[in-house]
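# Fold and geometry: a report
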Amino acid sequence: MLPLKKYNIKRYDLSEDKSLQAWSAADEYLLEAFNDMENKPNNLVIYHDRFGFLGSHLHQEGPTLIVTNKSQEKAINSNLKANYLGPLKFANPISSLENQVDVALLKTPKSLGLFQLYLEQIVQYSSDEVTVVCAFMTRHFSSNILEIANQYFEGVEQSKAVKKARLLVLTKKKKAVQQKLIHSITYNQMEYQQYLGVFSEGHIDYATQFFLENIELEEKDQNILDLASGNGIIGNEILKQQPDVEIHLMDDSFLAVESAKLNVKGENVHHHFNNELSIFADETFDLIVSNPPFHFEHEINIQVPLELFKGCCRCLKAGGKFQVVASRHLNFKTHLQRLFPQVEIIAEDKKFVIYRCMK
Ligand SMILES: C[S@@+](CC[C@H](N)C(=O)[O-])C[C@H]1O[C@@H](n2cnc3c(N)ncnc32)[C@H](O)[C@@H]1O
């Protein structure tokens, strides 16, 4: 067996929280399971390798990595480079795969929709003998994981727990019955479409709805950014009220951006698959709106939205506005006041606050 943790793998999101790590016992268990396989596959595909722990340690196998986020792509590339490893092949969960998958290693995502999307792709692009090894931390187990696995595979076997992680080995794939990969939610008489795994599966998020009910738009807001746009609902509702504005939508998730493209269209609409505002020049926008992220899989990391807020300040024109909705408990006001000269609450309820920050 190869030694574990041969490479130095770092997180590439900012956080002072030392408990947040670049890999878990579930990643180690996956690596061990692969190293124990007697017959190594011709075509190995790795799903949901967040910072590149598996990609780096299995680099010699020439795996394809299925990635969903721009931040993930950047982190994996940085770790490969820092460990003197060459680039690996990336694909996304809705692209067609060039070669038939023989073995898939899958770090089970928090989103069951995304888990299902991954299995859909594997079943569609694999040999009949494909083996899928999924791993998760025991505390994140839900019977829905088994239910979804059983839809696609006859053989669904759980391993014993090691360091509080567990494997699920899937064999004997069932005949492919393609499920719907795009679902829709209805808001304000419009059907918003979204791929499995995109934020607010099945219903509009309460914070989004609260934000849309209280958003302030002025005629002078001509160049607008919907930051962390998800399926594009906030940007589109703005466009319905002010059809002539230039609207930009940016999200870290490929599936979110592809969903937003289905919902928000026009020559004045610009979609960006990115996780940083460095793609925009200083003083670009009159208005930035956001329901920002702070949950990342099973973690909470407020450094990510705080870094985005710094970018917002830089990209706003003088006199421009940033409107942001957030859970009360995050206490963003203190942080926003360090960046913007004027921060006011424009609406609040028991759980959420909407801030207006003037530059
Ligand atoms: C709370 S959801 C809001 C989605 C949408 N605006 C809504 O209200 O339904 C946050 C979104 O932030 C995205 N996200 C996470 N990190 C990001 C980053 N660094 N830059 C841009 N978007 C990010 C997630 O993919 C997710 O779609």
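Worth saying up front: this structure is predicted, and the values here are computed from it rather than measured.

As a further point, take the overall build of the protein chain. Secondary structure summary: the protein chain contains ten helices and 18 strands in total. On C-alpha atoms alone, the protein chain measures out to a radius of gyration of 21 Å, which is about the 21 Å that the 2.2 N^0.38 rule sets for 359 residues. C-alpha atoms of the protein chain, sized along the principal axes, occupy 65 × 40 × 40 Å. The burial tally for the protein chain puts 54% of its 359 residues in the buried class. Taking the contacts inside the protein chain whose residues are at least 6 apart along the sequence as the reference set, 68% of them involve residues at least 24 apart.

Near the ligand lie 19 residues; those nearest to it are Thr208, Ala228, Asp251, Asn275 and Asn291. The backbone of asparagine 275 places a nitrogen or oxygen atom 3.1 Å from a nitrogen atom of the ligand. About the coverage of the ligand: the protein hides 91% of its 590 Å² of free accessible area. Elements supplying a minimum of two residues to the shell around the ligand: helix H7 (233–241), strand E11 (246–251) and helix H9 (303–315). Across the shell around the ligand, the residue classes break down as ten nonpolar, seven polar and two charged.

Our next topic: the pairing of strand E6 (residues 153–158). The sheet contact formed by E6 and strand E7 (residues 165–173) spans five bridges and is antiparallel. When the bridges of E7 are listed, glycine 155 appears paired with threonine 171. The antiparallel hairpin formed by E6 and E7 contains six residues in its connecting segment, where lysine 163 sits at a positive phi of about 45°.

Judged by pairing direction, the sheet is mixed, and its seven strands sit side by side in the order E3-E2-E1-E4-E5-E7-E6 without closing on themselves. Of all the strands in the sheet, just strand E3 (89–91) and E6 have a single pairing partner and so form its edges. On average, each strand axis in the sheet is tilted by 20° relative to the strand beside it, whichever way the strands run. Helix H1 (residues 25–36) rests against strand E1 (44–47), strand E4 (101–107), strand E5 (126–137) and E7 of the sheet, and its axis sits at about 145° to E5.

Our next topic: helix H6 (residues 206–214). Those residues of H6 lying buried are Ala207, Thr208, Phe210, Phe211 and Leu212. Where H6 is buried, its residues touch strand E8 (182–187), H7, strand E13 (285–290), strand E16 (316–327), strand E17 (342–348) and strand E18 (352–358).

Below, the discussion takes up the pairing of E16. Extensive coverage of E16 is indicated by the burial of nine of its twelve residues. Of the pairings in the sheet, the one linking E13 to E16 comprises five bridges and is parallel in character. In the strand pairing of E16, phenylalanine 285 is matched with leucine 316.

A few words now on the nonpolar core. Judged by nonpolar contacts, the single largest core of 32 residues is most densely connected at Tyr47, Leu106, Leu119, Ile122, Val132, Phe153 and Leu170. Contributing elements (two or more residues each) for this core: E1, E4, helix H4 (112–124), E5, helix H5 (143–152), E7 and helix H8 (254–263). No other element matches the seven residues that H4 contributes to this core. Of the residues that make up this core, three or more belong to each of domain 1 (25–173) and domain 2 (204–358). In this structure, valine 132 is in contact with Ala104, Leu106, Leu119, Ile122, Phe153, Leu168, Val169 and Leu170, ignoring residues within four places of it in sequence. By size, the runner-up hydrophobic cluster in this structure holds 31 residues, among which are Ala26, Met37, Leu44 and Leu80.

Residue position: isoleucine 346 is located in strand E17. Residues isoleucine 346 and glutamate 216, spaced 130 residues apart in sequence, show a C-alpha to C-alpha distance of 8.8 Å. Non-local contacts of isoleucine 346, meaning those with residues more than four positions away in its chain, are made with Asn214, Glu216, Gln323, Ile354 and Arg356.

Rules and cut-offs
Residues numbered from 1 in each chain as written. Predicted model: local features only at pLDDT ≥ 70, side-chain atom pairs only at ≥ 80, totals over all residues. Heavy atoms only, no water. Helix = DSSP H or I, 4+ residues; strand = E, 2+ residues; numbered from the N terminus. Rg over C-alpha atoms; globule rule 2.2 N^0.38 Å. Buried < 20%, exposed > 50% of the residue type's maximum accessible area, 1.4 Å probe, protein only. Contact = heavy atoms within 4.5 Å. Near = heavy atom within 4 Å. Polar contact = N/O pair within 3.5 Å; in protein donor to acceptor, adjacent residues only side chain to side chain. Areas by Shrake-Rupley, 256 points an atom, 1.4 Å probe, with all protein chains shown as cover. Nonpolar A, V, L, I, M, F, W, Y, C, P; charged D, E, K, R; others polar. Pairing = 2+ DSSP bridges. Axes fitted to C-alpha atoms, helices over the stretch in contact; angles between N-to-C directions. Core = buried A, V, L, I, M, F, W, Y, C linked by side-chain atoms within 4.5 Å. Domains from an automatic or database assignment.

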